[in-house]
Amino acid sequence: MIPMPNTSTAPGSDLQVRFRDLITRVTGIQMPASKQNMIDGRMRRRYSTLGHSDLESYLKLLFEEDRIQQELPHIVDLMSTNKTDFFREPAHFHLLRNTILPAHNTEKPFKFWSAASSSGQEAYTTAMLLAEYQRVTPSFRYGILGTDISPNILEEARAGVYPQDVLRDVPEGFRERYFVPGQDSRGNPCGRVVENLRKKVRFEQLNLIHGNFPLDKDIDVAFLRNVLIYFDDATQCKVVSSVADHVKVGGYFFVGHSESMIVRDKRLKQIAAAVFRKEKG
Ligand SMILES: C[S@@+](CC[C@H](N)C(=O)[O-])C[C@H]1O[C@@H](n2cnc3c(N)ncnc32)[C@H](O)[C@@H]1O
């Protein structure tokens, strides 16, 4: 028989419902009953490590022995989808390099924020482009911030070590200039972002659903790509607005190509596919 994907909308056990609610409350990520199989699969590694044979027994410990605070970082790591690539959605990087950078007034540093940075590819792609621009425009100064909710993925981003197949998306000249070849702990070939570039990128934990971020309010370019899709309508609106609060008037706000329709903030005017310019404060 051909196995069918789980499309069940039965709510599941009380503990499963409480767990899904907890994930949504903490991260904003929607967790309908149809995702229960996915949750089970992703949580398996954690509950097995703690000696549980199934999720239900782990959830009893979580809720009945009040281990939520202790377990939360693991849960957040396992529940977030971290898919990303170097030069993902390349039209955005063309616009950055060919239109936005040449128009920047070099009297002020250029501030870039990757607001759901995952393992860092988006921030380091930008770092390479900004470093290239600085080679031909020595007065150009810049700073890059990457933020994400997931503590583990931020550690990966800070380390800046990527396997060979991930580096395939990086043009050869950039690979040679900005990565040091090496081997990971298993002897597989990998590349590490050169120290000078790593120093230009700061990674911090930040939960997008909380708003009022302790960040500058004159950011030139904010990328909020491929994360809004995980939130419900109200959370999407709130997150767009909170991130836009930190973009300067005249600055740019990017979302993923499938997320354009989500942006309805009156301060933002669409200028290209999934790209908005902040027109007023
Ligand atoms: C699919 S990745 C997108 C990575 C990158 N922006 C891109 O487009 O390639 C989504 C990221 O959003 C992060 N995320 C999910 N919920 C979040 C939240 N509430 N606050 C901050 N980051 C969140 C996840 O940890 C994950 O790394």
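Up top is the structure these notes are about.
So, here is what we can say about the structure in this document. Here the structure is a predicted model, which is why all the values come from computation and not from measurement.

1. A word on the packing of helix α3 (residues 55-64) against helix α4 (residues 68-79)
Logical step 1: At a closest axis distance of 9 Å, the pairing of α3 and α4 adopts a crossing angle of 130 degrees. One element, α3, and the other, α4, form an angle in the oblique class. Here Tyr-58, Leu-62 and Phe-63 of α3 come into contact with α4, specifically with Ile-68, Glu-71 and Ile-75.
Logical step 2: Of the residues in the contact of α3 with α4, the class split is five nonpolar, no polar and one charged.

2. Considering the sheet that holds strand β5 (residues 189-193)
Logical step 1: The strand order across the open sheet formed by three strands is β3-β5-β4, and the pairing between neighbours is antiparallel. Since the sheet does not close on itself, it has two edges, and those belong to β3 (161-163) and β4 (179-183), each with one partner. Each strand axis lies, on average, 35 degrees off the axis of its neighbour in the sheet, ignoring direction.

3. Here we look at the site of the ligand
Logical step 1: Lining the immediate environment of the ligand, one finds 22 residues, of which Thr-27, Thr-84, Arg-88, Asp-148 and Asn-226 sit closest.
Logical step 2: Take Thr-84: an N or O atom from its side chain is 2.6 Å from an oxygen atom of the ligand.
Logical step 3: Separating a nitrogen atom of the ligand from a backbone N or O atom of Ala-116 is a distance of 2.8 Å.
Logical step 4: Protein coverage of the free-state accessible area of the ligand, which is 600 Å², stands at 99%.
Logical step 5: Because more than half of its atoms lie within 2 Å of the grid, the ligand is assigned to the largest pocket.
Logical step 6: When its residues are assigned to classes, the shell around the ligand shows eight nonpolar, nine polar and five charged.

4. Side note on the environment of Lys-266
Logical step 1: For Lys-266, the position within the fold is in the loop between β8 (247-255) and β9 (268-272).
Logical step 2: Here Lys-266 falls in the exposed class, since its relative accessible area comes to 73%.
Logical step 3: Counting along the chain gives 210 residues from Lys-266 to Glu-56, while the straight-line C-alpha distance between them is 45 Å.

The rules behind these values
- In every chain, residue numbers begin from 1 and rise along the written sequence.
- Owing to the predicted nature of the model, reporting of local features is limited to residues with pLDDT of at least 70; listing and counting of side-chain atom pairs is limited to 80 or more, with chain, interface and lining totals taken over all residues.
- For the side-chain quantities, the full set of heavy atoms in the structure was used; hydrogens and water were omitted.
- Inter-axis angles, ranging from 0 to 180 degrees, are taken between N-to-C directions of lines fitted to C-alpha atoms, where helices are fitted over the stretch in contact.
- Think of it this way: any DSSP run of H or I at least four residues long counts as a helix, any run of E at least two long counts as a strand, and we number them from the N terminus.
- In this scheme, roughly parallel covers angles under 35 degrees and roughly antiparallel covers those over 145, while 65 to 115 is roughly perpendicular and the rest are oblique.
- Should any heavy atoms of two residues lie within 4.5 Å, those residues are considered in contact.
- Classification used: nonpolar for Ala, Val, Leu, Ile, Met, Phe, Trp, Tyr, Cys and Pro, charged for Asp, Glu, Lys and Arg, polar for all others including Gly.
- What makes two strands pair is DSSP finding at least two bridges between them.
- Any residue with at least one heavy atom within 4 Å of a molecule or strand is counted as near it.
- Pairs of N or O atoms within 3.5 Å make up the polar contacts considered here, provided that, within protein, one atom can donate a hydrogen while the other can accept it, and that residues adjacent in sequence are counted only when both atoms are side-chain atoms.
- All accessible areas in this document rest on Shrake-Rupley with a 1.4 Å probe, and a residue is counted as covered only by the protein chains that are shown.
- Note on definitions: the grid is 1 Å and covers protein atoms alone; a cavity is a set of points where a 1.4 Å probe fits but cannot get out; a pocket is an open set with protein on both sides within 12 Å along at least five of seven lines; lining residues have an atom within 4 Å of a point.
- Think of it this way: a molecule belongs to a cavity or pocket when more than half its atoms come within 2 Å of the grid points there.
- Under the scheme applied here, a residue whose accessible area is under 20% of the maximum for its type counts as buried, over 50% as exposed, and between as partly exposed, the area being computed with a 1.4 Å probe on protein chains only.

The values are spatial; any link to function lies outside them.
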